[in-house]
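Single-letter residue listing:
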Amino acid sequence: MAKSNKSPPSKQKSLFSFFAKKAPTPAKTPATAPSASSTSSSSGNAKPAATSNSTNATSTTNAQQQSSSSSATPTRKSTKKALPSQQAKLLSKLTIGTKLAVFWPDDSEFYPCVIHAHRPNGQAVDAGQHPGHMYTLNYEDGEVETVDLSTEKFRIIGGKKRASDDGADAAGSKSNAAANDTNNNDSSSKKRRRIMEESEDDEMESSEEEGDDSGSEYKTAGMDDDDESLDAEESAKGVSEDDTLFDSDDEEIPKKRKVPKKVTITRVGGSGCSTVSPTPMKTSNANATTKKSVATEMDFSSFSVANNSSSKPAAATTPARRPRVSLSPMPNKPKPSAAPKNPYASKPQPAPPKATIPKPIKDQVNTAGSHMHNHLKFFTTHRRDANRRPSTHADYSPRTLSVDYTELAKNAGTGKVTPAQKQWWDIKAEYADTVLMFKTGKFYEMYHDDADVGASILDFVYMKGTMAHGGFPEAAYGTQLRKLVDAGYKVARVEQTETPAAMNERKKAMGKGQVKPQVVSREVCGIVSKGTRTFCYLEDVYMLEKGEVDTGPLVVIKEILVESDDDAMNEDGEDTGTKAMYEYGVTIVDAVTGVVTLGQFADDVLRSRMLTLLASFGPSEVLYEGGKNGASKTLLPFLKSACPTTIVEPILPHERFPKSTAVNPADRQKLDRVNSDVQPWNGDEALRELHRRGYYPRSSRRSKGVDVDPSAGEGIGRWPEILKRCVEGGATLAISSFGAALFYLQRSLVDAEILSMGIVKAYAPPSMEAAGSSSNNADATSNPSSQLQDMYAKEARIEDGMDLVEQEQQQKQPAGINLAAPAVDDLAAYAAEASIDHMALDGATLSNLEILRNITSGSYQGSLLSKIDATQSPHGSRLLRAWLLRPLFRKADIDRRADVVEELAGGSAAVAMAGARVLLKKTGDIERLLSRVHSMGGGGHQEERGGNDGAAYHPNERAVLYETDKHTKRKVGDFSKLLHGLRAASEIPELFENADIHSPMLAKIVRTTDSGGCFPADMKEKLDWFFDNFDLEQAAKGQFEPTRGMDERYDEACDVIEEVQRGLEAYKEEMCSNSELMPRHTARSAWKYVNTKDDSKDKYLIELPVSVSVPDDFQVKAKRGKGAKQVNKYRTPEVEQMVQELERAIDIKKEGKADGMKLVFNRFDKLRTVWMAATHATAMLDALGSLAQIAVEPGFSRPLIMDCPPSAKPGVAIIQGRHPCVKSTHSGADFIPNDLILGGKFESTEDEFADDAHDDSSVLLLSGPNMGGKSTLLRQTCLISILAQIGSYVPAEKCALTPVDRIFTRLGASDRILCGQSTFFVELAETAAAVRGATRRSLVIMDELGRGTSTFDGTAIASATVKHLVETNKCLTLFATHYHSLLEDWKDEPSIKLGHMECIVEEDDDEADSEKKNNITFLYTLGDGPCPKSFGVNVARLAGLPDDVLQRAKRVSTLFEAEMNGETTNNQHKIIPSTAEKSVVGISKLFSGNAVNGIELNRLWASLQQ
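Residues numbered from 1 in each chain as written. Predicted model: local features only at pLDDT ≥ 70, side-chain atom pairs only at ≥ 80, totals over all residues. Heavy atoms only, no water.

(A) Representation of the overall build of the chain within the structure. Summing up its helical and strand segments, the chain has 45 helices and 36 strands in all. Counting across all 1506 residues of the chain, residues that qualify as buried make up 53%. In the chain, the share of contacts with a sequence separation of at least 24, taken over all contacts with a separation of at least 6, comes to 74%. Approximately 66,400 Å² of the chain is accessible, and the part contributed by carbon and sulfur atoms is 50%. (Helix = DSSP H or I, 4+ residues; strand = E, 2+ residues; numbered from the N terminus. Buried < 20%, exposed > 50% of the residue type's maximum accessible area, 1.4 Å probe, protein only. Contact = heavy atoms within 4.5 Å. Areas by Shrake-Rupley, 256 points an atom, 1.4 Å probe, with all protein chains shown as cover.)

(B) Molecular detail of the sheet that holds strand S27 (residues 1200–1201). What the four strands build is an open sheet, ordered S27-S31-S28-S29; its pairing is mixed. Here the strands that pair on one side only, and so sit at the sheet edges, are S27 and strand S29 (1234–1239). Alignment of strand S28 (residues 1211–1217) against S29, held across five bridges, turns out to be antiparallel. Residue Val1212 lies in a different strand from S29, and its bridge partner there is Leu1238. (Pairing = 2+ DSSP bridges.)

(C) Representation of the packing of helix H28 (residues 964–986) against helix H31 (residues 1019–1029). Close contact between H28 and H31 brings their axes to 10 Å; oriented N to C, the two are set at 150°. One finds that H28 runs roughly antiparallel with respect to H31. Judged by the twist between their axes, the crossing of H28 over H31 is left-handed. Across the interface between the two elements, Phe975, Leu979, His980, Leu982, Arg983, Ala985 and Ser986 of H28 pack against Met1019, Lys1020, Leu1023, Asp1024, Phe1026 and Phe1027 of H31. Taken together, the residues of the contact of H28 with H31 break down into eight nonpolar, two polar and three charged. (Axes fitted to C-alpha atoms, helices over the stretch in contact; angles between N-to-C directions. Parallel < 35°, antiparallel > 145°, perpendicular 65-115°, else oblique. Left-handed = near helix turned anticlockwise from the far one by under 90°. Nonpolar A, V, L, I, M, F, W, Y, C, P; charged D, E, K, R; others polar.)

(D) Structural detail: the packing of aromatic side chains. The final tally for this structure, using the stated rule, is 33 aromatic pairs. When the centroid spacing of 5.0 Å and the interplanar angle of 55° are considered together, the rings of Phe103 and Phe110 count as tilted. With relative accessibility at 2%, the residue Phe103 sits in the buried group. Both rings, one in Phe1030 and one in Phe1040, keep their centres 4.8 Å apart while their planes meet at 45°; by these two values the pair is tilted. In this pair, Phe1030 sits in the loop between H31 and helix H32 (1032–1036) while Phe1040 sits in the loop between H32 and helix H33 (1048–1073), placing the two residues ten residues apart along the sequence. Classification of Phe1030 by relative accessible area gives buried; the value is 1%. Among the aromatic side chains, those forming a connected cluster through ring pairs are Phe975, Trp1025, Phe1026, Phe1030, Phe1040, Phe1161, Phe1164 and Trp1171. We note Lys670 situated over the ring of Tyr953; from NZ or CZ to the ring centre the distance is 5.7 Å. (Phe/Tyr/Trp six-rings, centres within 6.5 Å; stacked < 30°, edge-to-face > 60°. Lys NZ or Arg CZ within 6 Å of the ring centre and 35° of its normal.)

(E) Structural view of the nonpolar core. Judged by nonpolar contacts, the single largest core of 107 residues is most densely connected at Leu904, Phe992, Phe1030, Phe1164, Leu1181 and Ile1282. If we ignore the near neighbours within four places in the chain, the residues touching Leu1181 are Leu904, Met913, Ala916, Ile988, Phe992, Leu1002, Ile1005 and Val1006. Tyr431, Val555, Leu639 and Phe738 belong to the second-largest nonpolar core, a separate cluster that totals 86 residues. (Core = buried A, V, L, I, M, F, W, Y, C linked by side-chain atoms within 4.5 Å.)

(F) Layout of the sheet that holds strand S11 (residues 469–473). Here five strands make up an open sheet; going across it, the order is S11-S10-S9-S12-S13 and the pairing mixed. Single-partner strands in this sheet number two, and they are S11 and strand S13 (522–528). Taken over all neighbouring pairs, the strand axes of this sheet differ in orientation by 25° on average, direction set aside. Where strand S10 (residues 443–447) meets S11, five bridges bridge the pair, whose relative direction is antiparallel. The partner of Met446 across the bridge, within S11, is Gly470. On the sheet, helix H9 (residues 448–457) packs against strand S9 (435–440), S10 and S11 and is oriented at approximately 105° with respect to S10. Across the face of the sheet, helix H10 (residues 477–486) comes into contact with S9, S10, S11, strand S12 (491–496) and S13 while running at roughly 165° to S9.

(G) Seen up close, the environment of Lys1387. Turning to its location among the elements, Lys1387 is positioned in the loop between helix H41 (1380–1385) and strand S35 (1392–1402). Taking the C-alpha atoms as reference, Lys1387 lies 8.6 Å from Gly1425; in sequence the two are 38 residues apart. Within the structure, Lys1387 has its side chain in polar contact with the side chain of Glu1384 (distance 2.7 Å). (Polar contact = N/O pair within 3.5 Å; in protein donor to acceptor, adjacent residues only side chain to side chain.)

(H) Spatial organisation of the packing of helix H24 (residues 874–885) against helix H37 (residues 1168–1191). The geometry of H24 relative to H37 is characterised by a closest axis approach of 8 Å and an angle of 65° between their N-to-C directions. It follows that H24 is roughly perpendicular to H37 by the angle criterion. Crossing of H24 against H37: the hand is right-handed. On the side of H24, the interface is formed by His875, Gly876, Leu879, Leu880 and Trp883, while H37 contributes Thr1175, Thr1178, Ala1179, Met1180, Asp1182, Ala1183, Leu1184, Ser1186 and Leu1187. When its residues are assigned to classes, the contact of H24 with H37 shows eight nonpolar, five polar and one charged.

(I) A look at the pairing of S35. As defined by bridge partners, strand S30 (residues 1259–1263) adjoins S35 across five bridges and the pair is classed as parallel. Pairing of Leu1261 across the sheet is with Leu1394, part of S35. As judged from the seven bridges shared by S35 and strand S36 (residues 1415–1424), these two strands associate in the antiparallel manner. Bridge pairing in S36 links Glu1402 to Asn1415.

(J) Representation of the pattern of salt bridges in the model. Inspection of the entire model under this criterion finds 59 salt bridges. Where Lys428 meets Asp450, a salt bridge forms, and the shortest distance between an N and an O atom there is 2.8 Å. Pair noted here: Lys428 is in helix H8 (residues 419–430) and Asp450 is in helix H9, with a separation of 22 residues, a long-range link. Residue Asp450 is classed as buried on the basis of its relative accessible area, which comes to 0%. (Salt bridge = Lys/Arg side-chain N within 4 Å of Asp/Glu carboxyl O.)

(K) Inspection of the side chain of Asp452 at higher detail. Among the secondary structure elements, Asp452 is positioned in helix H9. Here Asp452 sits buried without a salt bridge, and the closest side chain of opposite charge, Lys428, lies 9.8 Å off (N-O distance). A polar side-chain atom of Asp452 sits 2.6 Å from a polar atom in the side chain of His373. (Lys, Arg positive; Asp, Glu negative; His and termini not counted.)

(L) Summary view of the confidence of the model for the chain. For the chain, per-residue confidence averages 75 on the pLDDT scale, and 70% of positions sit at 70 or higher. Within the model, pLDDT remains below 50 along residues 807–824, and this stretch shows 37 contacts once partners closer than five positions in the same chain are excluded. Low pLDDT, under 50, characterises residues 942–951; the stretch is placed with 16 contacts to residues that sit more than four places away or in other chains. (pLDDT = per-residue confidence, 0-100.)

This is how it looks when you write it as structure tokens:
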């Protein structure tokens, strides 16, 4: 666009001097100047605009007068079509001084300006422009341009500007915002203003210095209903498509732009935010080559924005949001509205609902969404992380924030940012995704978006002022923290780490030229989330002890894709279906007990093993690798589907580690990472950080301060065994996940207290392959996953107590084995069985059988664990849960544990156990308390005393707390619980001293080490020392003092104090005995030491009357009294020297006294191996005692565990078995037990099952009506097997079984919609796991396989599956089906038996009596043979279907059944698959020879006609 004739120099004094607008393409017809009035009668398609409140509609403007005059005179033919009436109306209101907002498309923003001049009769600047609508506009930043407003999109935002108006008035602060009007504009018929680069670089530099700095804001989201808007691009017709910046595909032509160094821009804008939160959502990037639209909404919170008059959420349409990873549960969160249409769509879209962001009012209580931070662009719409990456960037980190202090100062009201405000924003910039509890005096204050969270979750009331602000006293920290963490937030506790007096002293010590502090030092002392909550002394553990707090661990997942071209093949070249698609490294952190677990394993496409891990541990927080090259895109949907209530959050490959704000450089060096740019998933970097921080003991004293390479095995000799094996064995994925966990724990400042516990375990979920497969037999020395599997198995045997008793020698063939059973051909598979220690339960089985949680509500109640958990201690309950997740497999192990249960259930051991249960209840949660004492003793925080003068680097050690009495009581209370709990545990062996114990395992558990048991023999003596030297009552009052022998430095300081005091008395006696003090008798009687308290200044001044003459070295320090009664206070060199020595000793004593409890805790922590031995013994006794409680319940019996050598066939026999979790039927009657005998025959010495009918069938095809009890029978069989193999009694009259190596379940109907897996897909996936992984020792249950597809496909799949299970897997199978043709196919197979759930059906042909016909009564008993029908119509009647529907269904069912049975009128006969196969064989034989036997052919034909 050509410049105007008068080009003001101010045009180049802004950002926009770079740019000029390209004129629209001139029309081909001769140009004329149409009048405004003539255009008003044209197109009626213009978008209506409301009349502006700020425009004086009654005044006659220059534009109106010009319009009238021009309409009366003849004009040439116009080059353009007539203007729409609405457009003409708005143009007629324009006059000099009118305030406008003109739209610049490439910026996607409106910019405010004022009409400076109007040239109604002038010439157009460029060809094609309308000379009657040429206006000279002055923008707020100083730019001036002349433009044809009939071709531009603009809004009237105010009337004529008064002389007194300033830039802030022009901002139109009372105009309300709407959500991104530009996202709804029609692109196919619009002209776009083109921005062209200008070359006056020297003028641009001057604009940087002289640009407008008013800081006024407009609402980019739009105007309110009263604002008038002119969109010439939308209403003008006949515009050539060549004039637009976008082609038919709505792609923008990129423009080269220069970026100014520093320019302040005044824009029409704000945000249509409707929610507020510490973690904003990422904005969408609708137009990547232009500026981000300011109207993009940020997701800030769990509550709504209130307008000026109401606290109800304002209706707003939000743009499409990019999905977040770490979406924490936010109550009352408004649902986001539909995503906006493409702003350049071919069809015009209706305007979105309007939204407002009211300005805050001073000295008033403002509502949520109207405070200062809601207007900060760097905090809302233009949010960037610390690396200046926008929220649309793939590596954007929501953990950090780039703070614009210039904008902050403008919005602060005072024009500057105070030191305290800057301190808050500095911390917020490092912890942008976290709620800050900012300590100010005795209160925790919450500011800005954190205050919004407080108002929503904690029911705070905002304080007066433009800044959102709320708070609570220090005493309420625990309660408020629990609410926030339960709501899914991360909470940072920011403490004052120096007093004002200490700050003043620091200022005095600073030299000239140094920047002196204006506020006291504050540091982040800890971040608490669901996965990092340690329940320290600042929190109330009442809810935790009641079991009402989710204490799931933190799980960190490293995933890589396994590249493989071919599926796994067995030796015969057959597809085993065990292709590994993913490989995982996992780190599981239990912050409550300080246990870290490492694992690495391969997984299939369904992530079966990962699902097992998540089901087993029940995490409360999951971290995975984000970024472009992070985890696969399907991992996040899988995690959300597998654990929908768990917080899931990414950790990027590069993260910024927050800088410490500690005053002491040594503390900062200890807390900071070597580089602020951290690679959390880099295993080598993690190992170097482990060595630097010294969480684990060094293997060499010479390695301190020396660079070593832990990844090469240097300096790790004394690290935990599992971690060391992972490093040496090359478990890179496990170490990578451990590195990310380390970053997260360090950032949360709980790394030292957890990792320094030194408890690292291994974990390996059950393999997805069958035992004995080629991959399972891989060389363990070369496979990190196999090494971890072996370490996990070893730890499991220790935890199970199997290491307590030496393994018995292999005995001869035990009784009860049927040697006549078919032999196993695959001896390699039997060899693999010998290496199995535990039954494998995958995630699907844990869910389907409701082992840990019930399916209906997902709660603990109603699960199998809830029915057998009668433990008295939390650590006992955790052990019983672990046993339930991995039942034993070896017969000897099962019998050994069952022997203990039987002994504890009756006899003298039962009497002792009754007393032990009382003591076990008193032990409390020893594992958690040991972790707490470790932390309170400075575990991982405290430097070696003497090395750093006893100072600790952790901010908690410097925090200024005011509720110290309460904190001290909690510390002492936890320690007291632990001492008394261990004392109760130490009394347990005494209860069993006189008991007649036959089980070697039980004897090992309840005896002391000097009697060959587990309990430490000297445990009582060690506990007595702490009871004797730690006065619990005095310590709770804060009056504890270390006793002699507890701390050497403290003892030395006490000795020095006593020695100095004796020296002072000796000096007095010496001076009063010689002639230097006269008169001596007066001096002796009057000599007095003053200021003798430990906290006194000028200690031990000598007080003497003025009448006593003193030597010259007696210096007067003070006087009191006058005349003859005057008393002087003297200091001598000898006393000065002794006082200095005394003060040093007093400081050491104070330090020792302050750390006295910590010293006791530290000493106690050093004996942790003793306490852990007792903990393990009590946990095993508690778990076994719980099983003994089940054993004495009526209807429970001890199962007979049978061995299964190669010559024997696996089997199960249950007489009168019941479901352990169901006590009654749905109608309220008592549960009806059932018998089930499957597999090999048991012939025991007691002949317990001699009368029970046996056959060799290993598969039960179960039919029967819906709701008849088929699924219950399937589930109870599995649950009885699990109970039997954990050593428990089972709910049956009699039970015998061979141990099961794995249970596969196919039950219910559910989909994984987030993973794109349908119900039928899930059904077949579970079936595939069973078919591919089952061995002869497995137990498979399938319920209604094939119902997710057509009858024919379902029948075919079900039949093929049964065939594979019978002929290939040869496992025990319970297969429930409604496919009666399937029953017909397999009725003659010896390995399959048919059974059905019995019922009674009352047939009534009288259709008039709808109440009586076809009634069904369920008997819930297992009968032999198939069920003739499924009685689905009868069940439909129970469900309440209308009678007409039921009658028609019955008729159609009868006809269909007759057709399937070959009873049709055309005499066609049904040929079932089994008959067809026999016929094919017969035909082949007939035609195999040279001649055909006619008699046999006729016989075959006759059989086919039957």
